[in-house]
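So you can see what is in the structure, the chains are spelled out below.
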Amino acid sequence: MTDYNVIMDDAAVRRALTRVAHEILERNKGIEGCVLVGIRTRGIYLAQRIAERIQAIEGVSIPVGELDITRYRDDRKVVEDDSTTVPGEAYPIEGMKVILCDDVLYTGRTIRAAMDAIMDHGRPAMIQLAVLADRGHRELPIRPDYVGKNVPTSKAEEIQVFFQEADGIDEVRISHNRG
């Protein structure tokens, strides 16, 4: 049996994304030379939402791409269908500041795979990481630059992110598995 607690409602998600957008702007002194790349699937929604916030704050748009890391994973069977559309296909990522976006950071393996995928598309000047929830339990030395919410968890717990675009609701839940 699984039960859960809501740790971020729609208002909390909105506030966190606005704060992350401001932090990105501040750290990069604007968005010149920056691109947001969302890791499929929910990282794409996160990147698009951050781009909307930046547009509202600065009045300029930031390029957004999406990344399918399936063939770069070390824990899944290789699939030959690579439907990645990194911004490098529309304009070069060479020398750009790439801000990877993902919903939850856990072991760091997804981000490692994403960095490998990015490097296959060009050499950015820098890669930064934005996540909505950081739950800890790293297996690799990867740290987010921008965090919506730090959520200390046990390994028996799970963080679930729901976005309006895919799920009809904006919410972050922590699930407690009972055996």
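Residues numbered from 1 in each chain as written. Predicted model: local features only at pLDDT ≥ 70, side-chain atom pairs only at ≥ 80, totals over all residues. Heavy atoms only, no water.

With that settled, the discussion passes to the overall build of the chain. Of regular secondary structure, the chain possesses four helices and eight strands. Secondary structure elements in the chain, listed N-terminal to C-terminal, are β-α-β-α-β-β-α-β-β-β-α-β. Buried positions account for 47% of the 179 residues belonging to the chain. Counting only contacts in the chain whose residues sit at least 6 apart along the sequence, the fraction spanning at least 24 positions is 69%. Total accessible area computed for the chain in this model is approximately 9100 Å², and 47% of it derives from carbon and sulfur atoms. (Helix = DSSP H or I, 4+ residues; strand = E, 2+ residues; numbered from the N terminus. Buried < 20%, exposed > 50% of the residue type's maximum accessible area, 1.4 Å probe, protein only. Contact = heavy atoms within 4.5 Å. Areas by Shrake-Rupley, 256 points an atom, 1.4 Å probe, with all protein chains shown as cover.)

This part is about the packing of helix α1 (residues 10-28) against helix α2 (residues 42-58). One way to put it is that α1 packs onto α2 with a least axis distance of 9 Å and a crossing angle of 65°. Relative to α2, α1 is oriented roughly perpendicular. Two packed elements cross with a definite hand, and for α1 against α2 that hand is right-handed. Contacts between α1 and α2 involve V13, R14, L17, T18, V20, A21, H22, I24 and L25 on the former and, on the latter, L46, R49, I50, R53, I54, I57 and E58. Grouping the amino acids of the contact of α1 with α2 by side-chain chemistry returns ten nonpolar, two polar and four charged. (Axes fitted to C-alpha atoms, helices over the stretch in contact; angles between N-to-C directions. Parallel < 35°, antiparallel > 145°, perpendicular 65-115°, else oblique. Left-handed = near helix turned anticlockwise from the far one by under 90°. Nonpolar A, V, L, I, M, F, W, Y, C, P; charged D, E, K, R; others polar.)

In this section: the sheet that holds strand β6 (residues 146-150). Taken in spatial order, the five strands line up as β3-β2-β4-β5-β6 in an open sheet, and their pairing is parallel. Edge positions in the sheet fall to β3 (64-67) and β6, since each of these pairs with one other strand and no more. Averaged over neighbouring strand pairs, the angle between their axes works out to 25° when direction is ignored. Here four bridges tie strand β2 (residues 34-39) to β3, and the two strands are oriented parallel to one another. (Pairing = 2+ DSSP bridges.)

None of this, on its own, says anything about what the molecule does.
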